Amino acid sequence: MSVTHDLMAQAARYLANTYARFPVALVRGSGVRVWDAEGKTYLDFAAGIAVDVLGHCHPKVVEAIRAQAETLLHVSNLYHIEPQVRLARALCEHSFGGKVFFCNSGAEANEAAIKLARRYAKARWSSDRYEIVCMRDSFHGRTMATMTATGQAKYSQGFEPLLPGFKHIPFNDLPAAERAIDSRTCAVLVEPIQGEGGVRVPDDDYLPGLRQLCSEREVLLMLDEVQTGMGRTGRLFAYEHWDIQPDIVTLAKGLGGGLPIGAMLANETVAGAFVPGSHASTFGGNPFVTTVALAVLTEILDARLPEHAAKIGAYFLERLQQLTAQYPFVKEARGKGLMLALELTVPARPIVERCLERGLLILVAGDQVLRFVPPLIIGEPEVDEAMRILGLVLAEQA
Ligand SMILES: *Cc1c(COP(=O)(O)O)cnc(C)c1O
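Residues numbered from 1 in each chain as written. Predicted model: local features only at pLDDT ≥ 70, side-chain atom pairs only at ≥ 80, totals over all residues. Heavy atoms only, no water.

What follows concerns the site of the ligand. Near the ligand you find Ser105, Gly106, Ala107, Asn110, Phe139, His140, Gly141, Glu191, Asp224, Val226, Gln227 and Lys253, and these make up its full shell. Between the ligand and the protein, one listed contact pairs an oxygen atom with a side-chain N or O atom of glutamine 227 at 2.8 Å. A distance of 2.6 Å is found between an oxygen atom of the ligand and a side-chain nitrogen or oxygen belonging to lysine 253. Per element, the largest residue contribution to the shell around the ligand is three residues, and it comes from helix 5 (residues 106-125). Among the residues making up the shell around the ligand, the classes are represented as three nonpolar, six polar and three charged. (Near = heavy atom within 4 Å. Polar contact = N/O pair within 3.5 Å; in protein donor to acceptor, adjacent residues only side chain to side chain. Helix = DSSP H or I, 4+ residues; strand = E, 2+ residues; numbered from the N terminus. Nonpolar A, V, L, I, M, F, W, Y, C, P; charged D, E, K, R; others polar.)

Further remarks concern the pattern of salt bridges. Under the counting rule described, the total for this entry stands at 19 salt bridges. One salt bridge connects glutamate 299 with lysine 60, and the closest N-O pair in it is separated by 3.0 Å. Here the residue glutamate 299 occupies a position in helix 11 (residues 287-302), and lysine 60 occupies one in helix 3 (residues 59-69), the gap between them amounting to 239 residues. Among the ionic pairs, lysine 167 bridges to glutamate 131, the shortest N-O distance being 3.3 Å. Of this pair, lysine 167 sits in strand 6 (residues 166-169) while glutamate 131 sits in strand 5 (residues 131-135); the two residues are 36 residues apart in sequence, bridging distant segments of the chain. Overall, lysine 167 belongs to the partly exposed group, its relative accessible area being 23%. Ionic contacts of the salt-bridge type, sharing partners, join the residues Lys331, Glu332, Arg334 and Glu343 into one network. (Salt bridge = Lys/Arg side-chain N within 4 Å of Asp/Glu carboxyl O. Buried < 20%, exposed > 50% of the residue type's maximum accessible area, 1.4 Å probe, protein only.)

In terms of strand pairing, strand 1 (residues 26-30) meets strand 2 (residues 33-36) through four bridges, oriented antiparallel. The residue of strand 2 that forms the bridge with serine 30 is arginine 33. (Pairing = 2+ DSSP bridges.)

All right, on to empty space enclosed by the protein then. Applying the stated criterion across every chain yields a total of one cavity of 30 Å³ or more. Counted as a void, the largest cavity has a volume near 30 Å³. Taken together, Ala117, Tyr120, Ala121, Trp125, Cys186, Glu218, Val219 and Leu220 make up the lining of the largest cavity. Here the lining of the largest cavity takes four residues from helix 5, the largest share from any one element. Each residue belonging to the lining of the largest cavity can be placed in one class, and the counts come to seven nonpolar, no polar and one charged. (1 Å grid on protein atoms, 1.4 Å probe; cavity = no way out; pocket = protein on both sides within 12 Å on 5 of 7 lines; lining within 4 Å. Points joined across faces, edges and corners; volume = space filled by probe spheres on them.)

With that out of the way, let us pick up the UniProt feature "binding site: pyridoxal 5'-phosphate" (unreviewed entry) in the chain. According to UniProt, the positions carrying the feature "binding site: pyridoxal 5'-phosphate" (unreviewed entry) are Gly106, Ala107, Phe139, Asp224, Glu225, Val226, Gln227 and Thr282. These annotated residues cover 177 residues of sequence, and their C-alpha atoms reach 25.2 Å apart at the extremes, leaving them scattered rather than at a single site. Cross-referencing the annotated residues with the second largest pocket identifies Thr282 as lining it. Residue position: valine 226 is located in the loop between strand 8 (220-224) and strand 9 (248-251). Since its relative accessible area comes to 9%, valine 226 is described here as buried. What valine 226 contacts, discounting residues up to four positions off in sequence, is Gly106, Asn110, Thr250, Leu251, Ala252, Lys253 and Gly254. Mapped onto the elements, glutamine 227 comes out in the loop between strand 8 and strand 9. Beyond its immediate stretch of four places on either side in the chain, glutamine 227 contacts Ala50, Gly195, Glu196, Arg232, Lys253, Met339, Arg371 and Val373. (UniProt positions renumbered as here; feature names shortened; annotations may be inferred. Contact = heavy atoms within 4.5 Å.)

Here it is as structure tokens:
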């Protein structure tokens with residue numbers, strides 16, 4: 001029996017059955033490549049779902065891990081933690097100021113945002129302004145609150161009753177937002193570019209319009225940048241494309257370059273609604289993860305990876321767009337920076353499987369959308385290589 005088959009049998013026996021895993025066990029990575037237990041190599045355009053922004057085992061990350069492992073892994077938030085403060089300061093200095101709460105995942109970052117918005121509204125208005133306006137086809141996580149905020153029924157099926165206080169409207173629809181926001185609304189929660197929902201980029205007037213609307217109605221604008229943040233879309237944060245200032249931003253995925261860390265950034269006024277005891281996380285922002293995340297952020301900035309992602313992403317998108325003319329079942333290429341997608345008129349999963357067989361890891365985003373979120377360090381040769389494999393698979397399909 002191969003190593004992989006033995007592992008698959010044990011996984012079926014011992015692991016909760018929550019993932020439709022491919023029959024591959026990845027054991028090692030370097031740069032933009034990973035290797036499986038049988039020694040086969042893959043070009044990684046999945047990047048742990050938009051997590052491995054610096055690729056695998058980046059020397060700066062490895063060094064930060066090594067040094068901090070010998071210094072201090074974890075102490076409680078009952079004490080001051082230097083790398084946590086330094087990371088918070090760096091995030092604030094490169095965003096819109098304010099204050100940061102650290103946690104361990106995207107869902108938790110959104111939980112923190114939802115709790116802060118409710119608490120801020122309670123303090124500010126002393127009324128029942130607790131409703132959060134969310135978008136259809138959004139994705140915000142798998143906890144009860146973030147699953148409720150998520151605008152896709154498949155994620156909440158069987159888990160009812162959902163949390164009260166969430167309302168869903170179509171994404172990229174300003175008039176719908178105008179109608180939905182009322183005297184009960186405390187915040188609007190939106191991904192600047194929808195990720196899991198199919199890599200949907202809104203019209204250019206959408207986020208500025210939403211910002212203006214939220215300001216007029218005195219409602220918080222909360223951006224879920226868990227997937228779009230950390231340089232992914234060609235700016236450090238996606239909201240910079242539209243030159244707006246959100247009240248709250250949530251981060252995770254790329255923030256730790258592979259370590260589990262989440263963060264919620266809130267402007268000074270809103271952040272003031274949290275006081276000692278309001279919210280907490282045992283592991284949140286511990287010395288180990290914040291040291292590594294600071295090394296990741298430093299490298300993203302020093303290597304100008306957002307600019308690089310914009311440039312390589314434009315090249316990649318152009319190559320993807322050529323496929324729409326070539327194959328009738330390729331409907332549209334879209335995205336920003338290195339968060340790109342190809343919408344098909346056929347199921348996407350079999351294409352992903354055939355790319356995997358040929359040594360390319362990619363993702364889906366919904367049933368008929370291929371998603372590409374490679375490490376931000378890729379160059380044109382890697383794009384060409386991915387396009388060659390994808391081309392072979394699509395030719396097969398045709
Ligand atoms: C992945 C994702 C989340 C959830 O993050 P977890 O770390 O899996 O909890 C939330 N929002 C967006 C936009 C995401 O892409």
